[in-house]
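# Notes for the structure review
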Amino acid sequence: MDIVVCVKRVPLTEEVDLVIDEQKKGIKKDQLAFILNDWDNYAIEEAIILKEKYGGTVVAITVGNEDDEEVLRRSLAMGADRAIRVEVSDISRFDSLGISKILSCVVKDLPCDLVFTGVLADDDNCGIVGIMMAENLNMNHANMVTAIEIEDGKARVTSELEGGLGEISLIDLPALITIQTGINEPRYVSILGIRKAAKKELKIMNLADLGISDEELSPKTIIEEVYLPPETEGAQMLTGDPDKIASDFIEILTKKGVME
Amino acid sequence: MSEIFVIVEHRLGEIRDITFEMLWKAGELAQKLSYTVTTIILGHELNSIVDNISDRADKIIIFDDERLKNFNADIYKEILSGLIEESKPTLTLIGNTSWGMELAPCLSVKTGLPLATDCIDIMFKDDKFIAQRQMFNGKIFSNVSFAESKECLLTIRSGVFPKDKIGDRQAEIIQKDFPLTDIPLKKNFIEFVETAAGDVDISQAELLVSVGRGIGEEENISLIKELAEALGGVVSCSRPIVDKNWLPKHLQVGTSGKSVSPKVYIAVGISGAFQHMSGASGAGIIIAVNKDPKAPIFRTADYGIVDDLFKIVPVLKEKVLELKKG
């Protein structure tokens with residue numbers, strides 16, 4: 001079972017004040033911490049679980065600059081066999097279609113039974129790249145998958161639908177599957193583990209190696225402007241010390257008739 | 001005349017709410033811009049579905065065939081790309097749902113049309129369409145345009161537009177034959193499964209104490225259980241808690257979990273991603289405790305407490321217990 005997993009490094013934005021950049025096309029990132037996109041963490045884990053069960057290899061791929069190698073090293077430490085980074089100094093000049101084309105060019109030359117991506121990236125929240133790759137590569141696909149079983153050269157997958165319903169289908173391999181969070185419990189990675197994984201192969205390719213011209217990658221969707229959420233009335237704030245807050249809290253509950 | 005396509009989403013014989021919401025937005029734009037609204041339905045035995053929307057569109061194109069009984073993104077893509085090629089609709093609206101998000105990206109590649117996903121509004125400014133969407137889990141908004149393309153595909157977030165009828169339309173109904181001669185059956189539907197079955201039904205609770213990622217560690221969940229118990233309420237949670245296996249799936253509030261409608265919804269350490277909030281939109285009031293003052297939940301909550309939950313929850317619990325002792 002040879003599996004390719006596409007991963008992305010994204011900023012941690014919870015409990016952080018985001019600042020819009022001067023061009024109003026993105027956010028300032030110099031003060032932010034970065035992590036492996038949560039969905040991709042589950043995707044790497046799922047690939048390694050299948051590899052441990054059926055043998056084969058796991059290759060992690062990302063598109064980005066040297067800083068983005070961090071998520072490849074993490075993937076290698078989790079158990080991926082090798083990694084590939086496509087050198088692009090500034091990925092913000094591409095849209096999801098462009099990124100899907102770059103990744104597809106890498107994947108088409110790799111032996112693979114399965115390609116995994118996360119359902120979504122935590123930064124742009126687009127959720128497009130995976131299924132576009134499937135179409136670029138003319139590969140079978142399944143979206144938002146929460147369980148995978150391999151049987152007789154096919155994958156039996158559960159896709160998450162709305163309202164607590166799952167849809168089970170059988171797809172022929174090779175296939176591209178977008179992985180939903182919660183599909184497994186991603187393993188812990190230690191700093192020592194990351195250091196040890198430094199011996200594994202991390203190959204760097206550029207767009208010329210892949211034979212893609214800039215013209216092919218010109219974006220079809222353009223971010224005109226980004227901005228902070230428009231002001232709303234918002235919540236009425238309860239303030240003061242915890243004691244005062246608790247009293248006000250109980251008063252609201254009493255008024256709403258949920259305190260006996 | 002320019003045309004807006006709305007792709008109907010239905011499941012187990014019922015139209016999904018997102019379809020009505022898309023028809024509302026399409027209707028509103030069509031009124032303003034003198035466009036027409038065309039809905040496309042793929043499926044099998046569709047009469048009741050057609051009846052439900054016949055006064056919301058100018059044209060309904062129906063592909064009714066046994067082979068379309070189950071949703072299949074590849075078959076949908078093949079049929080729809082043919083229709084889009086033929087009619088060149090200015091906008092094609094698809095639900096930003098699990099199915100819609102499998103269909104839209106491959107339809108975009110196949111047709112060569114640009115795609116903006118999870119749109120929360122569509123605007124027409126300076127002679128071009130702009131899609132409004134969110135990034136960074138709602139902390140940033142963005143306006144997206146479509147380069148040189150006159151046509152585009154948009155997936156629409158559930159719950160942002162009304163389900164109401166807008167304008168007065170009477171649809172011309174067009175039945176079409178299944179157009180594909182060769183179906184590469186790459187994916188076979190097996191069955192639907194209930195993924196959120198359990199012994200507690202949070203959708204019936206009057207008071208929910210809901211816990212999110214902010215709780216930090218599994219052992220801290222007991223804090224929430226104790227508060228819920230003191231208040232006589234029921235514990236529920238957001239997705240990350242279920243992903244980590246700290247609470248079972250049937251306690252999850254949100255798009256992929258349950259929709260709830262308690263009198264009071266207490267959200268502790270929940271940032272308020274829309275997938276979660278859409279499940280809590282039926283609540284009488286929402287009280288949120290979160291230490292991030294910029295957490296999106298404070299935009300929809302009625303009452304907010306910006307503080308450390310570990311300071312507030314224990315004091316609250318003690319006070320409630322004291323009061324009950326009377």
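Residues numbered from 1 in each chain as written. Chains lettered and ligands numbered in written order. Predicted model: local features only at pLDDT ≥ 70, side-chain atom pairs only at ≥ 80, totals over all residues. Heavy atoms only, no water.

Summing up its helical and strand segments, chain A has seven helices and 13 strands in all. Its C-alpha atoms give chain A principal-axis dimensions of roughly 65 × 45 × 40 Å. For chain A, the exposed surface amounts to about 11,600 Å²; the carbon and sulfur share of it is 48%. A gap of 5 Å separates the mean positions of the 27 positive and 49 negative side-chain charges of chain A. (Helix = DSSP H or I, 4+ residues; strand = E, 2+ residues; numbered from the N terminus. Areas by Shrake-Rupley, 256 points an atom, 1.4 Å probe, with all protein chains shown as cover. Lys, Arg positive; Asp, Glu negative; His and termini not counted. Charge placed at Lys NZ, Arg CZ, Asp CG, Glu CD.)

Residues and elements named next belong to chain B. A rise of 1.5 Å per residue sets the reference length of helix α4 (residues 100-111), with its 12 residues, at 16 Å; its end C-alpha atoms lie 16 Å apart and thus fit the reference within 8%. For α4, the set of buried residues is Gly-100, Met-101, Glu-102, Leu-103, Ala-104, Pro-105, Cys-106, Leu-107, Ser-108 and Thr-111. In the stretch just after α4, Gly-112 is the one whose phi turns positive, near 75°. (Expected span 1.5 Å × (residues − 1). Buried < 20%, exposed > 50% of the residue type's maximum accessible area, 1.4 Å probe, protein only.)

All right, on to the domain arrangement of chain B then. Residue and element names in this part refer to chain B. Considered domain by domain, chain B is made up of domain 1 (3-176) and domain 2 (202-325). Distance from the C-alpha centre of domain 1 to the C-alpha centre of domain 2: 34 Å. The junction of domain 1 with domain 2 conceals about 450 Å² of combined surface from both sides, 63% of it contributed by carbon and sulfur atoms. On the domain 1 side of the contact with domain 2, Asn-137, Lys-139 and Arg-157 bury the most area, a combined 68% of that side's loss. Counting the contacts that link domain 1 with domain 2 gives one salt bridge. The closest approach of N and O atoms between Asp-292 and Lys-139, which form a salt bridge, is 3.1 Å. In this structure, the connection of domain 1 to domain 2 is made through one residue pair in polar contact (both at pLDDT 80 or more). Class assignment of the residues belonging to the side of domain 1 that touches domain 2 gives a composition of one nonpolar, one polar and three charged. (Domains from an automatic or database assignment. Buried area = accessible area lost by both parts, 1.4 Å probe. Salt bridge = Lys/Arg side-chain N within 4 Å of Asp/Glu carboxyl O. Polar contact = N/O pair within 3.5 Å; in protein donor to acceptor, adjacent residues only side chain to side chain. Nonpolar A, V, L, I, M, F, W, Y, C, P; charged D, E, K, R; others polar.)

The strands that make up a sheet pair up through hydrogen bonds in the backbone, lying either parallel or antiparallel. One open sheet accounts for 10 strands, arranged β11(A)-β5(A)-β4(A)-β1(A)-β6(A)-β10(A)-β7(A)-β8(A)-β9(A)-β13(B); its pairing is mixed. For this open sheet the edge positions go to β11 (202-206) of chain A together with β13 (187-194) of chain B, each flanked by a neighbour on one side alone. Going across the sheet, the axis of each strand differs from the next one's by a mean of 30°, ignoring polarity. Here strand β4 (residues 58-64) of chain A pairs with strand β5 (residues 82-87) of chain A via six bridges, running parallel. Across the sheet, the residue bridging to Val63(A) is Val86(A), located in β5(A). Against the sheet, helix α2 (residues 69-78) of chain A touches β4, β5 and β11 of chain A, its axis set at about 170° to β5(A). (Pairing = 2+ DSSP bridges. Axes fitted to C-alpha atoms, helices over the stretch in contact; angles between N-to-C directions. Contact = heavy atoms within 4.5 Å.)

Looking now at the packing of aromatic side chains. Residue and element names in this part refer to chain B. In total, this model carries eight aromatic pairs over all chains according to the counting rule given. Measuring from ring centre to ring centre gives 6.2 Å for Tyr-35 and Phe-129, while their planes differ by 65°; the resulting arrangement is edge-to-face. Here Tyr-35 is found in the loop between α1 (17-33) and β4 (36-43), whereas its partner Phe-129 is found in strand β9 (residues 128-135), with 94 residues between them in sequence. For Phe-129, a relative accessible area of 9% puts it in the buried group. Within the aromatic cluster, the residues linked to one another by ring pairs are Phe-71, Tyr-76, Trp-99, Phe-189 and Phe-192. Against the face of Trp-99 rests Arg-11, its NZ or CZ located 5.8 Å from the ring centre. (Phe/Tyr/Trp six-rings, centres within 6.5 Å; stacked < 30°, edge-to-face > 60°. Lys NZ or Arg CZ within 6 Å of the ring centre and 35° of its normal.)

Positionally, Asp243(B) belongs in helix α6 (residues 239-243). A distance of 2.5 Å separates a polar atom in the side chain of Asp243(B) from a polar atom in the side chain of Thr181(A). Non-local contacts of Asp243(B), meaning those with residues more than four positions away in its chain, are made with Tyr42(A), Thr181(A), Gly182(A) and Asn184(A).

Attention now moves to the pairing of strand β17 (residues 285-289) of chain B. Residues in a regular strand point their side chains to alternate faces of the sheet. Residue and element names in this part refer to chain B. Burial analysis of β17 places five of its five residues in the buried class, the great majority of the element. Burial along β17 is two-sided: Ile-285, Ile-287 and Val-289 facing one way and Ile-286 and Ala-288 facing the other are all buried. In this view, the connection linking strand β16 (residues 264-268) to its parallel neighbour β17 by way of helix α7 (residues 274-280) has right-handed handedness. Both β17 and strand β18 (residues 303-305) contribute to a ladder of three bridges, which runs parallel. Bridging from a neighbouring strand, Ile-287 pairs with Tyr-303 of β18. (Right-handed = clockwise from strand over helix to strand, strands pointing away.)

Turning next to the interface of chain A and chain B. Listed by partner, the interface residues are 82 residues for chain A and 89 residues for chain B. Between chain A and chain B lies a buried interface of about 7,700 Å² when both sides are counted; carbon and sulfur atoms form 57% of it. Where chain A packs against chain B, one counts nine salt bridges. Here chain A and chain B share 49 residue pairs in polar contact (both at pLDDT 80 or more) between them. For the side of chain A that touches chain B, the secondary structure elements donating two or more residues are α1 (38-54), α4 (129-136), β7 (140-151), β8 (154-160), β9 (165-172), β12 (222-227), β13 (236-237) and α7 (242-255) of chain A. Among the elements that line the side of chain A that touches chain B, the one with the most residues is α7(A), at nine residues. Tallied by class, residues from the side of chain A that touches chain B come to 39 nonpolar, 23 polar and 20 charged. When β12(A) meets strand β10 (residues 140-145) of chain B, the two strands line up antiparallel, connected through five bridges. Among the inter-strand pairings, Ile222(A) is bridged to a residue of β10(B), identified as Ser145(B).

Residue and element names in this part refer to chain A. Two elements in contact, helix α3 (residues 96-107) and α4, have axes separated by 8 Å at closest approach and are oriented at 55°. It follows that α3 is oblique to α4 by the angle criterion. For the element pair α3 and α4, the recorded crossing hand is right-handed. Taking contact as the criterion, the partners of Ser-96, Leu-97, Ile-99, Ser-100, Lys-101, Leu-103, Ser-104 and Val-107 in α3 are, on α4, Val-129, Met-132, Met-133 and Asn-136. Classifying every residue of the contact of α3 with α4 by side-chain character gives seven nonpolar, four polar and one charged. (Parallel < 35°, antiparallel > 145°, perpendicular 65-115°, else oblique. Left-handed = near helix turned anticlockwise from the far one by under 90°.)

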